[in-house]
Amino acid sequence: MRILVVEDEARLREQLVEALTVRHYAVDAAGDGQEALFLGQGTPYDLAIVDLGLPGLPGLEVIRRWRAGAVKYPILILTARGHWQEKVEGLEAGADDYVVKPFHLEELLARVQALIRRTSGLPSSILEAGPLRLDTAA
Ligand code: CA
């Protein structure tokens, strides 16, 4: 599973990359909107996490351009507390879910897993084949 993290705050970006890498996701990161636009259009990610407040090109615009193109993978947006309009605008632009900052890392990771699970057509985190049973959330 490959994830794109778009966040301009270096410390938060590094935290997200680390938390996802530890959980065996392959992670790319971008710190501004232009870089995000380029990476997201050209790479078949399984999910993108996008902060809406970005230098270069606003996150909303990045998402609109991705969706106007061929980008179909799920998008989770990071919105600022108190800016409820951002959630609406983000979902309307084509995002699938949101997390409000500051968030608990565990909540974000759970939403990432849920979105990937939903879009890969698996109803639960349990995969079964004959006598084998794998809990992908474990
Ligand atoms: Ca930001």
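Residues numbered from 1 in each chain as written. Predicted model: local features only at pLDDT ≥ 70, side-chain atom pairs only at ≥ 80, totals over all residues. Heavy atoms only, no water.

(A) Broad picture of the overall build of the protein chain. A tally of helices and strands in the protein chain yields 5 helices and 7 strands. In the protein chain, the succession of helices and strands from N to C terminus is β-α-β-α-β-α-β-α-β-α-β-β. Dimensions of the protein chain, computed from C-alpha atoms along their principal axes, come out at roughly 50 × 30 × 25 Å. A separation threshold of at least 6 residues defines the contact pool for the protein chain, and within that pool the share at least 24 residues apart is 55%. (Helix = DSSP H or I, 4+ residues; strand = E, 2+ residues; numbered from the N terminus. Contact = heavy atoms within 4.5 Å.)

(B) View of the coordination of the calcium ion. Within the protein, Asp 8 (OD), Asp 51 (OD) and Gly 53 (O) serve as the donor atoms for the calcium ion, at 2.2 to 2.4 Å. One chain supplies every donor for the calcium ion, spaced along it as D-x42-D-x1-G. Residue Asp 8 is found in the loop between strand 1 (2–6) and helix 1 (10–22), and its partner Asp 51 is found in strand 3 (residues 47–51); the two are separated by 43 residues along the sequence. When its relative accessible area of 5% is taken as the criterion, Asp 51 is described as buried. (Donors = N, O, S within 2.8 Å, 3.2 Å for Na, K, Ca; no water. Buried < 20%, exposed > 50% of the residue type's maximum accessible area, 1.4 Å probe, protein only.)

(C) Inspection of helix 1 at higher detail. The first and last C-alpha atoms of helix 1 sit 18 Å apart over 13 residues, in line with the 18 Å expected at 1.5 Å per residue. Turning to helix 1, its buried residues are Leu 12, Arg 13, Leu 16, Ala 19 and Leu 20. Looking straight down helix 1, one finds its buried side chains confined to an arc of 135°; they lie on one side. Helix 1 presents Arg 11, Glu 14, Glu 18 and Val 22 as exposed residues on the side facing more than 90 degrees away from its buried surface. (Expected span 1.5 Å × (residues − 1). Arc of directions from axis to C-beta.)

(D) How the structure looks around the environment of Ser 120. Along the chain, Ser 120 falls in the loop between helix 5 (105–119) and strand 6 (126–129). The exposure class of Ser 120 is partly exposed, given its relative accessible area of 38%. Placed 74 residues apart in sequence, Ser 120 and Asp 46 show a C-alpha to C-alpha distance of 8.7 Å. From its side chain, Ser 120 meets the backbone oxygen of Arg 117 in a polar contact 3.3 Å long. (Polar contact = N/O pair within 3.5 Å; in protein donor to acceptor, adjacent residues only side chain to side chain.)

(E) Inspection of the environment of Tyr 45 at higher detail. Secondary-structure assignment places Tyr 45 in the loop between helix 2 (33–42) and strand 3. Look at Tyr 45 and you get buried, because its relative accessible area is 4%. In this structure the C-alpha to C-alpha distance between Tyr 45 and Gln 15, which are 30 residues apart in sequence, comes to 19 Å. Once residues lying within four places of it in the same chain are set aside, the contact partners of Tyr 45 are Arg 2, Ile 3, Leu 4, Asp 28, Leu 39, Gly 40 and Tyr 73. Within the structure, Tyr 45 has its side chain in polar contact with the side chain of Asp 28 (distance 2.6 Å).

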